[in-house]
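Here's the letter readout for the chains.
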Amino acid sequence: MPFDAQFSAGASVQASAGVGAGAGVSASASASLGLGERGSHSAGAQARGRDVAENLLPPLIPFRFHVRFRQASDGAQQGNEVDICSGAFAECTGLEATMEPKQIRAGGMNYGSAQRVGQVSFATVILKRGMTSTRHLWKWFNMVSTGAYATRMDVEIDVQNAAGETVLTWGLSQCMPVKFKAADLNAQGNEVAVEELHLVHEGLSLVPTGG
């Protein structure tokens, strides 16, 4: 759909699933991490064989990725996909989540302190691309900065292997542009003009793929 179409307003509410307590917590954590039997301490040739097979997997290459944008919508309804720069970007940085732990210093505990889970913060995601006559990045930033503050996007970054197949997808929820930077102009320069858009978001997730 054209980028200049009317966007729907609203905030998406996401519920986090709780973790059950008791003796099954460790097994549940192993299963959710995809460890299976490897989460236990069972030794043997079979486990060693699986380790060797995993070590032989080819690492992903960082230059094959594609960015997709969707209108952020209410509830579980998925918003319409929006064509922004055809999803072609030269660089994407800031896929980072940091948890600030809470330290508890107990009386009589002189060797270190107890660590508890704290608040998670997300880094600003920066998208860079070679500048063309397409003005999608500026239009989105201008819409938000001039009053359309509810115009949010859900962004998905598909990471591909050497064959061009999507291996994993990172999801960013409720993205909002906070900075637009046009290419620097220099009469003596011969580099490609690069523009960038800085995004803040409300959640980083690993989106399940069909594989």
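As the structure is a prediction and not an experimental result, all values here were calculated from the model.

## Looking at the overall build of the protein chain
No. 1: Within the protein chain, the regular secondary structure consists of three helices and twelve strands.
No. 2: Within the protein chain, buried positions represent 26% of all 211 residues.
No. 3: Taking contacts inside the protein chain between residues at least 6 apart in sequence as the whole, the part at least 24 apart equals 66%.
No. 4: When the accessible area of the protein chain is evaluated, it comes to approximately 14100 Å², of which 54% is carbon and sulfur surface.

## Some details on helix H3 (residues 136-145)
Within an α-helix, residues lying three or four positions from one another point in the same direction, as the helix has 3.6 residues per turn.
No. 1: Residues of H3 that are buried include every one of His136, Leu137, Trp140, Phe141 and Val144, and no others. In an axial view of H3, the angular spread of the buried residues amounts to 130 degrees, which keeps them on one side of the axis.
No. 2: Residues of H3 that are buried in the fold lie against strand S1 (65-71), strand S8 (125-130), strand S9 (153-160), strand S10 (166-181) and strand S11 (194-200).
No. 3: Positive phi appears at glycine 147, one or two residues downstream of H3, with a value of about 130 degrees.

## A closer look at the packing of aromatic side chains
No. 1: The final tally for this structure, using the stated rule, is four aromatic pairs.
No. 2: Look at phenylalanine 69 and tryptophan 140: their rings are 6.0 Å apart centre to centre, the planes differ by 85 degrees, and that puts the pair in the edge-to-face class. Taken as a pair, phenylalanine 69 in strand S1 and tryptophan 140 in helix H3 lie far apart in primary sequence, 71 residues in all.
No. 3: Residue phenylalanine 69 is classed as buried on the basis of its relative accessible area, which comes to 2%.
No. 4: Take tryptophan 140: its relative accessible area is 0%, and that puts it in the buried class.
No. 5: For the ring pair tryptophan 138 and phenylalanine 141, a centre distance of 5.9 Å and an interplane angle of 40 degrees mean the geometry is tilted. Here tryptophan 138 and its partner phenylalanine 141 are both found in helix H3, three residues apart, which amounts to about one turn of the helix.
No. 6: Take tryptophan 138: its relative accessible area is 37%, and that puts it in the partly exposed class.

## Considering the confidence of the model for the protein chain
Parts of the prediction with low pLDDT should not have their coordinates interpreted in detail.
No. 1: Here the protein chain averages 80 in pLDDT, and 72% of its residues register 70 or above.
No. 2: Counted against residues more than four places away or in other chains, residues 6-23, with its pLDDT under 50, gives 22 contacts.

## Some words on the pattern of salt bridges
No. 1: If you walk through the whole model with that rule in mind, you get seven salt bridges.
No. 2: Note that arginine 68 is salt-bridged to aspartate 158, the shortest N-O span being 2.8 Å. You can see arginine 68 sitting in strand S1 and its partner aspartate 158 sitting in strand S9, a full 90 residues away along the chain.
No. 3: Between lysine 181 and aspartate 184 there is a salt bridge whose closest N-O contact spans 3.3 Å.

## Topic: the pairing of S11
No. 1: Most of S11 is tucked away, with five of its seven residues classed as buried.
No. 2: Here six bridges tie S8 to S11, and the two strands are oriented antiparallel to one another. Pairing of valine 125 across the sheet is with leucine 199, part of S11.
No. 3: Bridge count for S10 against S11 is five bridges, and the pairing is antiparallel. Along S11, the bridge assignment pairs methionine 176 with valine 200.

## What to know about the nonpolar core
No. 1: Counting 22 residues, the largest nonpolar core has Phe69, Trp140 and Val155 as its most contacted members.
No. 2: Sorting the residues of this core by element identifies S1, S8, H3, S9, S10 and S11 as the ones contributing at least two each.

## Concerning the side chain of threonine 169
No. 1: The residue threonine 169 is located in strand S10 in this model.
No. 2: Looking at threonine 169, the relative accessible area reads 3%, which means it is buried.
No. 3: Among the polar contacts listed, one links the side chain of threonine 169 to the side chain of aspartate 158, at a separation of 2.8 Å.
No. 4: Sequence-distant contacts of threonine 169, defined by excluding residues within four places in its chain, comprise Arg68, Glu156, Ile157, Asp158, Ser205, Leu206, Val207 and Thr209.

Calculation notes
Numbering of residues starts from 1 in each chain and follows the order in which that chain's sequence is written. Owing to the predicted nature of the model, reporting of local features is limited to residues with pLDDT of at least 70; listing and counting of side-chain atom pairs is limited to 80 or more, with chain, interface and lining totals taken over all residues. Computation of side-chain values covers all heavy atoms of the structure but excludes hydrogens and water. Here a helix means four or more residues in a row that DSSP labels H or I, a strand means two or more in a row labelled E, and each is numbered from the N terminus. Partly exposed describes any residue whose relative accessible area lies between the buried limit of under 20% and the exposed limit of over 50%, with all areas from a 1.4 Å probe on protein chains only and scaled to the type maximum. Residues count as neighbours in contact if any of their non-hydrogen atoms are within 4.5 Å of one another. Per-residue accessibility takes into account occlusion by the displayed protein chains alone, with areas from the Shrake-Rupley method and a 1.4 Å probe. Here the arc refers to the set of directions running from the helix axis out to each C-beta atom. Here a Phe, Tyr or Trp ring, Trp counted by its six-membered ring, pairs with any other such ring whose centre lies within 6.5 Å, and the pair is stacked when the planes are under 30 degrees apart, edge-to-face when over 60, and tilted otherwise. The predictor's confidence in any single residue is recorded as pLDDT, a number from 0 to 100. A pair is scored as a salt bridge if a Lys or Arg side-chain nitrogen falls within 4 Å of a carboxyl oxygen belonging to Asp or Glu. Paired strands, as defined in this entry, are two strands with at least two bridges between them according to DSSP. Remark: nonpolar core denotes a set of buried residues (Ala, Val, Leu, Ile, Met, Phe, Trp, Tyr, Cys) joined through side-chain atoms within 4.5 Å. By the criterion applied in these results, polar contacts are pairs of N or O atoms within 3.5 Å in which, for protein atoms, one can donate a hydrogen and the other can accept it, and in which residues neighboring in sequence qualify only through two side-chain atoms.

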